[in-house]
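Observations on the three-dimensional arrangement
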Amino acid sequence: MALHPLVKRVLLTEEQIKTRVAELATEVAEHYKKNNIKDKDIVVVGILKGCVPFYAEFFMNFKQDVVMDFMVISSYLGGLKSNKQPKINLDLNSDIKNKHVLIVEDIVDTGHTLSFLKDYLKSRKAASVNVVTLVDKPGGRKIEFEANFIGFSIENEFVIGYGLDYDEKLRNLPYIAIMDTDKLKTWEW
Ligand code: PRP
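Residues numbered from 1 in each chain as written. Predicted model: local features only at pLDDT ≥ 70, side-chain atom pairs only at ≥ 80, totals over all residues. Heavy atoms only, no water.

**Points about the packing of aromatic side chains**
Which entries qualify depends on this criterion: Any Phe, Tyr or Trp ring, taking Trp's six-membered ring, that has another such ring centre within 6.5 Å forms a pair; planes under 30 degrees apart are called stacked, those over 60 apart edge-to-face, and the others tilted. For the purposes of this entry, the term helix denotes a DSSP run of H or I that reaches at least four residues, the term strand denotes a run of E that reaches at least two, and both are numbered from the N terminus.
This structure, assessed with the given rule, holds 7 aromatic pairs. Taken together, a centroid distance of 6.1 Å and an interplanar angle of 15° make the contact between Tyr 166 and Trp 189 stacked. Here the residue Tyr 166 occupies a position in the loop between strand E8 (159-160) and strand E9 (176-179), and Trp 189 occupies one in the segment after E9, the gap between them amounting to 23 residues. The structure contains a cluster of three or more aromatic residues connected by ring pairs, namely Phe 158, Tyr 166, Trp 187 and Trp 189.

Following this line, the structure appears as structure tokens:
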């Protein structure tokens, strides 16, 4: 398969992602079972838009009969750097009071978005708030934050694909790759 010209190096192939996501779904399901948490009390919250491919794959492997919900939060303002103040652009549909919320994210970078979100969901009286992220970029942290379940820990580079965007583009690459930012200077979309 030909790679997108803006790819510098593929970090995770489609196959590696699929295999790991299936494992993650089992790990998370076991966590809830072990803690005697029933399906009816679990709400799986995807943070749009980056989560979409991961959410779909995770949800199909997560053999629990649970509620789906979504939020839109923005923290990147279109470029390569993360803005510090996350903003809720779309809130939950469901009442999460006394529910066990599982946040599904594509990436944890500075930690600002997830830290803010966890506090927000706790303030809405969730019984618990856990985070599953496909990729974790510990080298990007600006504040302390640790996801409960992590697919892959990656180096501190700007990554694209499998939901991750550059300026809203390249989300539909089937793999996760480091972007060739030098090529951007002369790139025409
Ligand atoms: C991405 C990602 C997380 C956030 C993580 O979302 O989905 O929500 O950035 O970054 P942080 O740890 O530095 O806060 P983004 O705001 O790019 O929106 P998107 O999901 O629409 O791509």
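**As for the site of the ligand**
Which entries qualify depends on this criterion: The criterion for a residue being near a molecule or strand is simple. One of its heavy atoms has to lie within 4 Å of it. In protein, a polar contact requires one atom able to donate a hydrogen and another able to accept it; more generally it is a pair of N or O atoms within 3.5 Å, and residues adjacent in sequence count only if both atoms are side-chain atoms. Here the Shrake-Rupley method, with its probe set to 1.4 Å, supplies the accessible areas, and only the displayed protein chains count as covering residues.
Among the 19 residues in the neighbourhood of the ligand, the closest are listed as Glu 105, Asp 106, Thr 110, Gly 111 and Thr 113. Between Glu 105 and the ligand, the recorded distance is 2.5 Å, taken from a side-chain N or O atom to an oxygen atom. In isolation the ligand exposes 500 Å². Once the protein is present, 95% of that is buried. Mapped onto the shell around the ligand, the elements with two or more residues apiece are strand E3 (67-76), strand E5 (100-108) and helix H3 (112-123).

**A look at the pattern of salt bridges**
Spelled out, the test is: The term salt bridge refers to a side-chain nitrogen of Lys or Arg lying within 4 Å of a carboxyl oxygen of Asp or Glu.
Going through the model one piece at a time under the given rule, you end up with 13 salt bridges. Note that Lys 99 and Asp 41 form a salt bridge whose closest N and O atoms lie 3.8 Å from each other. Taken together, the residues span a long stretch of sequence, with Lys 99 in the loop between strand E4 (82-90) and E5 and Asp 41 in the loop between helix H1 (14-34) and strand E2 (42-48) at a distance of 58 residues. Between Arg 141 and Asp 136 there is a salt bridge, with its nearest N and O atoms 2.7 Å apart. Salt bridges sharing partners connect three or more residues here, namely Lys 49, Asp 165, Glu 168 and Arg 171.

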